[in-house]
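# Per-entry structural report
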Amino acid sequence: DGRPYQAHLARPMLAQAQGAFSPQASELAAAVATTDNAGRKTGAAYERAFVFFSLGFFDVARTEWSKVWEGTGNWSLHPERIAPYEGYFALRRGDLPGRTEFQARSGSSFEKDSAYSLIGAKMLINAGRSGDVLALYDSADGFIGIGRGRGPANLANDASVGSVVAAALRDAGREAEAARFLVGLDRLFEASLVRNRGRVPPGLLVEAASVWAMRGKHEAAMSALEQAAALGWVYMVPDDGDTSLADIAAEPAFRSLRGHPRF
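Described below are features of the structure shown in this document. Numbers given for residues are sequential positions, taken from 1 along each chain in its written order. With pLDDT at 70 or above as the cut-off, local features in this predicted model cover only qualifying residues; side-chain atom pairs require 80 or more to be listed or tallied, and sums for whole chains, interfaces and linings still use all residues. The basis for every side-chain value is the complete set of heavy atoms in the structure, and neither hydrogens nor water enter the calculation.

Each helix is a run of DSSP H or I of at least 4 residues and each strand a run of E of at least 2, with the numbering of both proceeding from the N terminus. Check the secondary structure of the protein and you find 13 helices and zero strands. Taken from N to C terminus, the helices and strands of the protein fall in the order α-α-α-α-α-α-α-α-α-α-α-α-α. Working rule for contacts: check all heavy atoms of both residues, and any pair within 4.5 Å makes them a contact. Counted over contacts in the protein with a minimum sequence separation of 6, partners at least 24 positions apart contribute 59%. Only the protein chains shown count as cover for residues, with accessible areas throughout obtained via the Shrake-Rupley method and a probe of 1.4 Å. Approximately 12700 Å² of the protein is accessible, and the part contributed by carbon and sulfur atoms is 53%.

Now for helix 9 (residues 130-137). Accessible area is worked out with a 1.4 Å probe on protein chains only. A residue is then buried under 20% of its type maximum, exposed over 50%, and partly exposed in between. Burial analysis of helix 9 places six of its eight residues in the buried class, the great majority of the element. Buried within helix 9 are the following residues: Ser 130, Asp 132, Val 133, Leu 134, Leu 136 and Tyr 137.

Turning to the packing of helix 12 (residues 202-214) against helix 13 (residues 218-230), a few remarks are in order. Fitted lines through C-alpha atoms give the axes, limited to the stretch in contact for helices. The angle between two N-to-C directions lies from 0 to 180 degrees. Put simply, helix 12 and helix 13 touch, their axes get as near as 8 Å, and they point 160 degrees apart. Comparing their axes, helix 13 and helix 12 come out roughly antiparallel. Considering how the two elements wind past one another, helix 12 and helix 13 form a crossing that is left-handed. Along the contact surface, helix 12 presents Pro 202, Leu 205, Val 206, Ala 209, Trp 212 and Ala 213, while helix 13 presents His 218, Ala 220, Ala 221, Ala 224, Leu 225, Gln 227 and Ala 228. Just so you know the grouping, Ala, Val, Leu, Ile, Met, Phe, Trp, Tyr, Cys and Pro go in nonpolar, Asp, Glu, Lys and Arg go in charged, and all remaining residues, Gly too, go in polar. Split into classes, the residues belonging to the contact of helix 12 with helix 13 amount to 11 nonpolar, two polar and no charged. Each angle receives one of four descriptions, namely roughly parallel if under 35 degrees, roughly antiparallel if over 145, roughly perpendicular if within 65 to 115, and oblique otherwise. In this scheme the handedness of a crossing depends on how the near helix is turned from the far one: anticlockwise by less than a right angle means left-handed, clockwise means right-handed.

Let's shift gears to the pattern of salt bridges. Salt bridge criterion: a side-chain nitrogen from Lys or Arg within 4 Å of a carboxyl oxygen from Asp or Glu. The full count for this structure, using the stated rule, is 15 salt bridges. Note that Glu 175 is salt-bridged to Arg 170, the shortest N-O span being 3.2 Å. Accessibility expressed as a relative area gives 37% for Glu 175, which makes it partly exposed. One salt bridge in this structure joins Asp 186 and Arg 215, with 2.6 Å as the shortest N-O distance. Here Asp 186 is found in helix 11 (residues 175-195), whereas its partner Arg 215 is found in the loop between helix 12 and helix 13, with 29 residues between them in sequence. In this structure Arg 215 comes out as partly exposed when scored by relative accessible area, which is 39%. It is possible to trace a salt-bridge network through shared partners that takes in Asp 138, Arg 148, Arg 174 and Glu 177.

Moving on to the nonpolar core. Generally speaking, a soluble globular protein has its nonpolar side chains buried in company with each other. The term nonpolar core refers to a set of buried residues drawn from Ala, Val, Leu, Ile, Met, Phe, Trp, Tyr and Cys, joined through side-chain atoms within 4.5 Å. Counting residues in hydrophobic clusters, the biggest one holds 62 residues, and the most contacted among them are Phe 53, Trp 65, Phe 102, Val 133, Phe 143 and Phe 189. For Phe 102, the contacting residues outside a window of four places in its chain are Pro 97, Tyr 116, Ser 117, Gly 120, Ala 121, Leu 124, Asp 132, Val 133, Leu 136 and Phe 143.

As a further point, take the packing of helix 7 (residues 99-106) against helix 9. Interhelical geometry of helix 7 versus helix 9 gives an angle of 35 degrees and a closest axis separation of 10 Å. Read as a crossing pair, helix 7 and helix 9 show a hand that is right-handed. Contacts between helix 7 and helix 9 involve Arg 99, Phe 102, Gln 103 and Ser 106 from the former and Gly 131, Asp 132, Val 133, Ala 135 and Leu 136 from the latter. Residues belonging to the contact of helix 7 with helix 9 are distributed by class as follows: four nonpolar, three polar and two charged.

Spacing of three or four residues puts side chains on the same side of an α-helix, whose turn is 3.6 residues. Listed as buried for helix 7 are Phe 102, Arg 105 and Ser 106. In an axial view of helix 7, the angular spread of the buried residues amounts to 95 degrees, which keeps them on one side of the axis. Directions pointing from the helix axis toward each C-beta atom define the arc.

This part takes up the side chain of Ser 192. Looking at the element boundaries, Ser 192 is found in helix 11. Look past the residues within four positions of Ser 192 in its chain and what remains in contact with it is Leu 155, Val 200 and Leu 204.

Bringing a nonpolar patch on the surface into the picture now. Residues Leu 55, Phe 57 and Val 60 make up a contiguous nonpolar surface patch of about 240 Å² in total accessible area. When you line up the elements, Leu 55 lands in the loop between helix 3 (38-54) and helix 4 (58-72). Residue classification places Leu 55 among the partly exposed positions, given a relative accessible area of 34%. Patch criteria: residues need more than 30% relative accessible area and no salt bridge. Like-charged residues are merged within 9 Å; nonpolar side chains of Val, Leu, Ile, Met, Phe, Trp and Tyr are merged within 5 Å.

Here it is as C-alpha coordinates:
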(Lines give C-alpha, C1' and ligand atoms only; values in the text may rest on other atoms or scores of the structure.)
Protein backbone atom coordinates (compact mmCIF):
# COMPACT_ATOMS: atom_id res chain seq x y z
CA ASP A 1 0.00 0.00 0.00
CA GLY A 2 2.99 2.31 -0.40
CA ARG A 3 4.08 2.45 3.24
CA PRO A 4 7.73 1.42 3.72
CA TYR A 5 6.97 -0.31 7.03
CA GLN A 6 4.45 -2.64 5.41
CA ALA A 7 6.87 -3.40 2.57
CA HIS A 8 9.60 -4.26 5.05
CA LEU A 9 7.20 -6.67 6.76
CA ALA A 10 6.16 -8.35 3.51
CA ARG A 11 9.67 -8.98 2.23
CA PRO A 12 10.78 -11.01 5.29
CA MET A 13 7.89 -13.40 4.67
CA LEU A 14 9.11 -13.96 1.12
CA ALA A 15 12.69 -14.34 2.33
CA GLN A 16 11.63 -16.86 4.97
CA ALA A 17 9.75 -18.91 2.38
CA GLN A 18 12.97 -19.10 0.36
CA GLY A 19 15.15 -19.99 3.33
CA ALA A 20 16.99 -16.65 2.99
CA PHE A 21 17.46 -15.84 6.65
CA SER A 22 19.93 -12.95 6.35
CA PRO A 23 17.58 -10.84 4.18
CA GLN A 24 14.76 -11.77 6.55
CA ALA A 25 16.65 -10.28 9.51
CA SER A 26 17.75 -7.23 7.49
CA GLU A 27 14.26 -6.41 6.29
CA LEU A 28 12.87 -6.66 9.82
CA ALA A 29 15.60 -4.29 11.03
CA ALA A 30 14.54 -1.89 8.25
CA ALA A 31 10.94 -2.18 9.43
CA VAL A 32 12.02 -1.08 12.92
CA ALA A 33 13.88 1.89 11.45
CA THR A 34 11.03 3.11 9.25
CA THR A 35 8.29 3.53 11.87
CA ASP A 36 7.81 5.75 14.88
CA ASN A 37 5.01 3.59 16.25
CA ALA A 38 6.23 1.91 19.45
CA GLY A 39 4.01 -1.13 19.00
CA ARG A 40 5.19 -1.71 15.46
CA LYS A 41 8.81 -1.29 16.48
CA THR A 42 8.34 -3.86 19.22
CA GLY A 43 6.66 -6.35 16.90
CA ALA A 44 9.27 -6.13 14.16
CA ALA A 45 12.18 -6.22 16.62
CA TYR A 46 10.72 -9.28 18.32
CA GLU A 47 10.35 -11.09 15.00
CA ARG A 48 13.94 -10.19 14.09
CA ALA A 49 15.20 -11.65 17.35
CA PHE A 50 13.22 -14.80 16.59
CA VAL A 51 15.17 -15.30 13.37
CA PHE A 52 18.34 -15.61 15.45
CA PHE A 53 16.56 -17.75 18.03
CA SER A 54 15.31 -20.25 15.47
CA LEU A 55 18.73 -20.51 13.83
CA GLY A 56 20.34 -21.39 17.14
CA PHE A 57 21.91 -18.02 18.02
CA PHE A 58 20.25 -18.01 21.42
CA ASP A 59 22.52 -15.48 23.10
CA VAL A 60 21.95 -13.01 20.28
CA ALA A 61 18.19 -13.55 20.54
CA ARG A 62 18.23 -12.97 24.29
CA THR A 63 20.22 -9.77 23.83
CA GLU A 64 17.86 -8.50 21.14
CA TRP A 65 14.77 -9.33 23.20
CA SER A 66 16.30 -7.56 26.21
CA LYS A 67 16.96 -4.45 24.11
CA VAL A 68 13.33 -4.41 23.02
CA TRP A 69 12.15 -4.72 26.59
CA GLU A 70 14.48 -1.99 27.85
CA GLY A 71 13.35 0.33 25.07
CA THR A 72 9.62 -0.29 25.38
CA GLY A 73 8.91 -1.66 28.83
CA ASN A 74 6.80 -4.36 27.16
CA TRP A 75 6.36 -6.96 29.91
CA SER A 76 5.84 -9.79 27.41
CA LEU A 77 9.49 -9.35 26.40
CA HIS A 78 10.94 -9.13 29.91
CA PRO A 79 13.86 -11.54 30.41
CA GLU A 80 11.82 -13.34 33.08
CA ARG A 81 9.16 -14.04 30.48
CA ILE A 82 11.75 -15.39 28.06
CA ALA A 83 13.10 -17.82 30.67
CA PRO A 84 10.50 -20.54 29.87
CA TYR A 85 12.00 -20.77 26.39
CA GLU A 86 15.15 -22.27 27.87
CA GLY A 87 13.85 -25.80 27.45
CA TYR A 88 13.17 -25.05 23.81
CA PHE A 89 16.67 -23.57 23.48
CA ALA A 90 18.08 -26.79 24.91
CA LEU A 91 16.28 -28.91 22.31
CA ARG A 92 17.60 -26.70 19.53
CA ARG A 93 21.12 -27.24 20.91
CA GLY A 94 20.55 -30.99 20.68
CA ASP A 95 20.06 -31.69 24.40
CA LEU A 96 17.66 -34.55 25.09
CA PRO A 97 14.85 -33.66 27.50
CA GLY A 98 14.43 -35.58 30.72
CA ARG A 99 11.28 -37.67 30.93
CA THR A 100 9.75 -35.59 33.73
CA GLU A 101 10.45 -32.30 31.96
CA PHE A 102 9.18 -33.60 28.63
CA GLN A 103 5.93 -34.87 30.09
CA ALA A 104 5.37 -31.71 32.10
CA ARG A 105 5.92 -29.37 29.17
CA SER A 106 4.07 -31.54 26.70
CA GLY A 107 1.06 -31.64 28.97
CA SER A 108 0.79 -27.92 29.69
CA SER A 109 -0.80 -25.05 27.81
CA PHE A 110 2.44 -23.08 27.30
CA GLU A 111 2.24 -21.57 23.84
CA LYS A 112 5.44 -23.14 22.53
CA ASP A 113 4.67 -26.63 23.80
CA SER A 114 3.32 -28.22 20.63
CA ALA A 115 6.56 -27.42 18.81
CA TYR A 116 8.63 -28.37 21.86
CA SER A 117 6.71 -31.64 22.17
CA LEU A 118 7.16 -32.67 18.54
CA ILE A 119 10.86 -31.80 18.41
CA GLY A 120 11.47 -33.49 21.76
CA ALA A 121 9.47 -36.56 20.76
CA LYS A 122 11.44 -37.05 17.54
CA MET A 123 14.72 -36.67 19.42
CA LEU A 124 13.61 -39.17 22.07
CA ILE A 125 12.54 -41.68 19.41
CA ASN A 126 15.95 -41.38 17.73
CA ALA A 127 17.61 -41.95 21.10
CA GLY A 128 15.67 -45.19 21.69
CA ARG A 129 13.34 -43.61 24.24
CA SER A 130 10.00 -44.04 22.48
CA GLY A 131 8.55 -45.11 25.81
CA ASP A 132 8.72 -41.51 27.04
CA VAL A 133 6.48 -40.46 24.14
CA LEU A 134 4.11 -43.39 24.48
CA ALA A 135 3.67 -42.75 28.20
CA LEU A 136 1.89 -39.58 27.17
CA TYR A 137 0.08 -41.22 24.24
CA ASP A 138 -1.28 -43.89 26.60
CA SER A 139 -2.32 -41.37 29.26
CA ALA A 140 -5.78 -39.90 29.68
CA ASP A 141 -4.76 -36.61 28.03
CA GLY A 142 -2.87 -38.19 25.14
CA PHE A 143 0.02 -36.69 23.21
CA ILE A 144 -0.95 -33.34 21.64
CA GLY A 145 -4.54 -34.45 21.49
CA ILE A 146 -3.90 -37.94 20.12
CA GLY A 147 -4.41 -40.81 22.51
CA ARG A 148 -4.65 -44.56 22.60
CA GLY A 149 -7.78 -45.88 20.93
CA ARG A 150 -8.40 -42.71 18.93
CA GLY A 151 -7.42 -42.77 15.29
CA PRO A 152 -6.71 -39.70 13.15
CA ALA A 153 -9.79 -37.51 12.76
CA ASN A 154 -8.65 -34.60 10.59
CA LEU A 155 -5.50 -33.46 8.86
CA ALA A 156 -5.35 -30.03 10.47
CA ASN A 157 -4.94 -31.48 13.95
CA ASP A 158 -3.39 -34.88 13.37
CA ALA A 159 -1.12 -34.76 10.30
CA SER A 160 2.01 -33.42 11.97
CA VAL A 161 1.60 -35.60 15.06
CA GLY A 162 0.52 -38.81 13.42
CA SER A 163 3.79 -39.94 11.88
CA VAL A 164 5.64 -39.20 15.13
CA VAL A 165 3.19 -41.28 17.15
CA ALA A 166 3.36 -44.07 14.56
CA ALA A 167 7.17 -44.08 14.70
CA ALA A 168 7.10 -44.39 18.48
CA LEU A 169 4.54 -47.20 18.32
CA ARG A 170 6.56 -49.04 15.69
CA ASP A 171 9.78 -48.78 17.72
CA ALA A 172 7.94 -50.16 20.74
CA GLY A 173 6.79 -53.19 18.79
CA ARG A 174 3.19 -52.01 18.58
CA GLU A 175 3.11 -52.43 14.82
CA ALA A 176 -0.63 -53.07 14.51
CA GLU A 177 -1.46 -49.79 16.25
CA ALA A 178 1.06 -47.91 14.13
CA ALA A 179 -0.34 -49.44 10.93
CA ARG A 180 -3.92 -48.50 11.83
CA PHE A 181 -2.88 -44.91 12.46
CA LEU A 182 -0.89 -44.67 9.22
CA VAL A 183 -3.70 -46.19 7.16
CA GLY A 184 -6.14 -43.70 8.69
CA LEU A 185 -3.89 -40.76 7.83
CA ASP A 186 -3.28 -42.10 4.33
CA ARG A 187 -7.03 -42.20 3.69
CA LEU A 188 -7.39 -38.60 4.89
CA PHE A 189 -4.57 -37.47 2.60
CA GLU A 190 -6.00 -39.27 -0.41
CA ALA A 191 -9.45 -37.78 0.23
CA SER A 192 -7.92 -34.30 0.47
CA LEU A 193 -6.01 -34.75 -2.78
CA VAL A 194 -9.15 -35.88 -4.59
CA ARG A 195 -11.28 -33.12 -3.06
CA ASN A 196 -8.78 -30.43 -3.99
CA ARG A 197 -7.82 -31.95 -7.36
CA GLY A 198 -4.25 -32.46 -6.23
CA ARG A 199 -3.72 -28.80 -5.32
CA VAL A 200 -2.74 -28.82 -1.66
CA PRO A 201 -0.25 -26.71 0.34
CA PRO A 202 3.41 -27.79 0.26
CA GLY A 203 3.39 -28.51 4.00
CA LEU A 204 0.59 -31.01 3.53
CA LEU A 205 2.54 -32.76 0.79
CA VAL A 206 5.44 -33.14 3.21
CA GLU A 207 3.17 -34.60 5.88
CA ALA A 208 1.78 -37.01 3.28
CA ALA A 209 5.33 -37.96 2.30
CA SER A 210 6.13 -38.86 5.90
CA VAL A 211 3.15 -41.21 6.06
CA TRP A 212 3.82 -42.74 2.67
CA ALA A 213 7.47 -43.30 3.52
CA MET A 214 6.47 -45.14 6.68
CA ARG A 215 4.03 -47.26 4.70
CA GLY A 216 6.73 -48.24 2.21
CA LYS A 217 5.32 -46.10 -0.62
CA HIS A 218 8.74 -44.63 -1.30
CA GLU A 219 8.25 -43.32 -4.84
CA ALA A 220 5.04 -41.54 -3.84
CA ALA A 221 6.81 -40.06 -0.82
CA MET A 222 9.72 -38.80 -2.92
CA SER A 223 7.39 -37.31 -5.53
CA ALA A 224 5.50 -35.46 -2.80
CA LEU A 225 8.74 -34.06 -1.33
CA GLU A 226 9.98 -32.96 -4.74
CA GLN A 227 6.65 -31.31 -5.55
CA ALA A 228 6.68 -29.50 -2.20
CA ALA A 229 10.24 -28.25 -2.84
CA ALA A 230 9.23 -27.05 -6.31
CA LEU A 231 6.43 -25.04 -4.69
CA GLY A 232 8.92 -23.26 -2.40
CA TRP A 233 8.96 -25.47 0.69
CA VAL A 234 12.23 -25.54 2.65
CA TYR A 235 12.96 -27.90 5.50
CA MET A 236 13.79 -25.49 8.32
CA VAL A 237 12.52 -21.93 8.73
CA PRO A 238 12.85 -19.39 11.57
CA ASP A 239 9.33 -19.72 12.89
CA ASP A 240 7.98 -20.40 16.35
CA GLY A 241 5.98 -23.35 15.05
CA ASP A 242 8.84 -25.02 13.21
CA THR A 243 9.40 -28.61 14.35
CA SER A 244 12.25 -29.67 12.08
CA LEU A 245 15.43 -31.28 13.37
CA ALA A 246 18.98 -30.29 12.48
CA ASP A 247 18.89 -32.63 9.47
CA ILE A 248 15.91 -33.90 7.49
CA ALA A 249 17.55 -37.34 7.39
CA ALA A 250 17.12 -37.50 11.17
CA GLU A 251 13.32 -37.40 10.87
CA PRO A 252 12.01 -40.75 12.20
CA ALA A 253 9.37 -40.84 9.47
CA PHE A 254 12.01 -40.71 6.73
CA ARG A 255 14.22 -43.55 7.98
CA SER A 256 13.26 -45.76 5.06
CA LEU A 257 14.23 -43.05 2.54
CA ARG A 258 17.81 -42.52 3.75
CA GLY A 259 19.34 -44.78 1.12
CA HIS A 260 17.12 -43.48 -1.69
CA PRO A 261 19.23 -41.56 -4.26
CA ARG A 262 16.56 -38.89 -4.82
CA PHE A 263 16.24 -38.32 -1.08
